[in-house]
Amino acid sequence: MSDIKIIITEDGSHSLYHEDLKETYHSFHGALQESVHVFIEKGLRFWRTKSGLPKEVNIFEVGFGTGLNALLAAQFAKENGVKINFTSIEPFPLDMEIINQLNYPTSIGQDDLKLTYEQLHTSEWGKKAEINPFFSVHKIKTKLENFQTDEKFDVLFFDAFAPSKQAELWTADLLQKCYNLLRSGGVFTTYSAKGQLKRDLKSVGFEVETLPGPPGKKEMVRGIVN
Ligand SMILES: C[S@@+](CC[C@H](N)C(=O)[O-])C[C@H]1O[C@@H](n2cnc3c(N)ncnc32)[C@H](O)[C@@H]1O
């Protein structure tokens, strides 16, 4: 994948720049800070706290990419003694040559996450893998448009490229699909705060909240299934 370059974001953590799309995989203001804020704190921790600290969580992610969100979820699982089943879809898996250069375990400040990070990437596509007693990952090589399952999820990390770059993923039809993938009480979380996104999320049934964004970004959006 010669059209992908490694960059360093403002918090010192890596991200990737997709030259064809002219788009980064994370916020330039800090990849790690963004993922922790948008997906772990406002998504996973919020759902778990409001649900009475259940011992098991099913997460669905749109866009596995670098696996940063999966790694942070695995860290959360271990620290909080909760079992996380993490399902993620990705039509364009990254080369290990790129993955091996990313500094996420070090940026998080836990070098012992290096093995977990490697396991997340070397686990077989299309098969659920038990990474440790607290975390399983099921990576599926497909597009959201084609994804089908009977499973239901508690938290959905919507981490597609920005609406301005990949508008076809932010349609009301696909947001409806996301809504249908969630259980009652389920939480959809994303870094975008576009007005059209909020209107579409409402129109498919979500209760929509606009929240403060991660450093460098004013707002983000969360949707709840009531
Ligand atoms: C903004 S990046 C974020 C990826 C990842 N969560 C991370 O932290 O690195 C968006 C990801 O969505 C993937 N993607 C592109 N088209 C997609 C589609 N139709 N369905 C699902 N994912 C898609 C891209 O390949 C890319 O890995």
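Check the entry above for the structure.
Summarised in this report is the structure supplied together with it. Bear in mind the structure is a predicted one, so any value in this text is a computation, not a measurement. (Residues numbered from 1 in each chain as written. Predicted model: local features only at pLDDT ≥ 70, side-chain atom pairs only at ≥ 80, totals over all residues. Heavy atoms only, no water.)

1. Concerning the overall build of the chain
- Scanning the chain from N- to C-terminus turns up 7 helices and 11 strands.
- Against the compact-globule benchmark of 17 Å for 226 residues, the chain has a radius of gyration of 16 Å, which places it among compact chains.
- By principal-axis analysis of the C-alpha atoms, the chain measures approximately 40 × 40 × 35 Å.
- The proportion of buried residues among the 226 residues of the chain is 55%.
- Partitioning the contacts of the chain with sequence separation of at least 6, the portion at a separation of at least 24 is 66%.
- Of the roughly 10,000 Å² that the chain leaves accessible, carbon and sulfur atoms contribute 49%.
- Mean positive and mean negative side-chain charge positions of the chain (26 and 30 charges, respectively) differ by 5 Å. (Helix = DSSP H or I, 4+ residues; strand = E, 2+ residues; numbered from the N terminus. Rg over C-alpha atoms; globule rule 2.2 N^0.38 Å. Buried < 20%, exposed > 50% of the residue type's maximum accessible area, 1.4 Å probe, protein only. Contact = heavy atoms within 4.5 Å. Areas by Shrake-Rupley, 256 points an atom, 1.4 Å probe, with all protein chains shown as cover. Lys, Arg positive; Asp, Glu negative; His and termini not counted. Charge placed at Lys NZ, Arg CZ, Asp CG, Glu CD.)

2. Side note on the site of the ligand
- By nearness alone, 20 residues border the ligand, and His-26, Gly-63, Thr-66, Glu-90 and Asp-159 come closest of all.
- Separating an oxygen atom of the ligand from a side-chain N or O atom of Glu-90 is a distance of 2.5 Å.
- Protein chains bury 98% of the 600 Å² of accessible surface belonging to the ligand in isolation.
- Per-class residue counts for the shell around the ligand are 9 nonpolar, 6 polar and 5 charged. (Near = heavy atom within 4 Å. Polar contact = N/O pair within 3.5 Å; in protein donor to acceptor, adjacent residues only side chain to side chain. Nonpolar A, V, L, I, M, F, W, Y, C, P; charged D, E, K, R; others polar.)

3. Comments concerning the nonpolar core
- Counting 72 residues, the largest nonpolar core has Ile-84, Phe-135 and Phe-158 as the members making the most contacts within it.
- Residue contributions to this core peak at 8 residues, all from helix 2 (residues 68-80).
- Apart from the residues lying within four places of it in its own chain, the contact partners of Phe-135 are Ala-70, Ala-73, Ala-74, Ala-77, Lys-83, Ile-84, Phe-86, Leu-120, Ala-129 and Glu-130. (Core = buried A, V, L, I, M, F, W, Y, C linked by side-chain atoms within 4.5 Å.)

4. Here we look at the sheet that holds strand 11 (residues 219-224)
- Read across the open sheet, the 8 strands follow the order 6-7-5-4-8-9-11-10; overall the sheet is mixed. For this open sheet the edge positions go to strand 6 (128-132) and strand 10 (207-212), each flanked by a neighbour on one side alone. In this sheet, neighbouring strand axes are inclined to one another by 20° on average, regardless of whether the strands run parallel or antiparallel.
- Sheet analysis places strand 6 next to strand 7 (residues 135-140), joined by 4 bridges and oriented antiparallel. In the sheet register, Lys-128 faces strand 7, and the bridge partner there is His-138.
- Each of strand 6 and strand 7 touches helix 5 (residues 113-122); the most contacted strand, strand 7, lies at about 35° to it. (Pairing = 2+ DSSP bridges. Axes fitted to C-alpha atoms, helices over the stretch in contact; angles between N-to-C directions.)

5. Some details on the pairing of strand 11
- Of all 6 residues making up strand 11, 5 are buried, and the element is well covered by its neighbours.
- As paired strands, strand 9 (residues 182-190) and strand 11 are joined by 4 bridges and run antiparallel to one another. When the sheet's bridge partners are listed, Val-187 is paired in strand 11 with Ile-224.
- Two strands pair when backbone bridges link them, and strand 10 and strand 11 are joined in this way by 6 bridges, in the antiparallel orientation.

6. Thoughts on the sheet that holds strand 2 (residues 14-18)
- Taken together, the 3 strands give an open sheet; going across it, the order is 1-2-3, and neighbouring strands pair in antiparallel fashion. Unpaired on one side and paired on the other, strand 1 (4-8) and strand 3 (23-24) mark the two borders of the sheet.
- Where strand 1 meets strand 2, 5 bridges bridge the pair, whose relative direction is antiparallel. Paired with Lys-5 across the bridge in strand 2 is Tyr-17.

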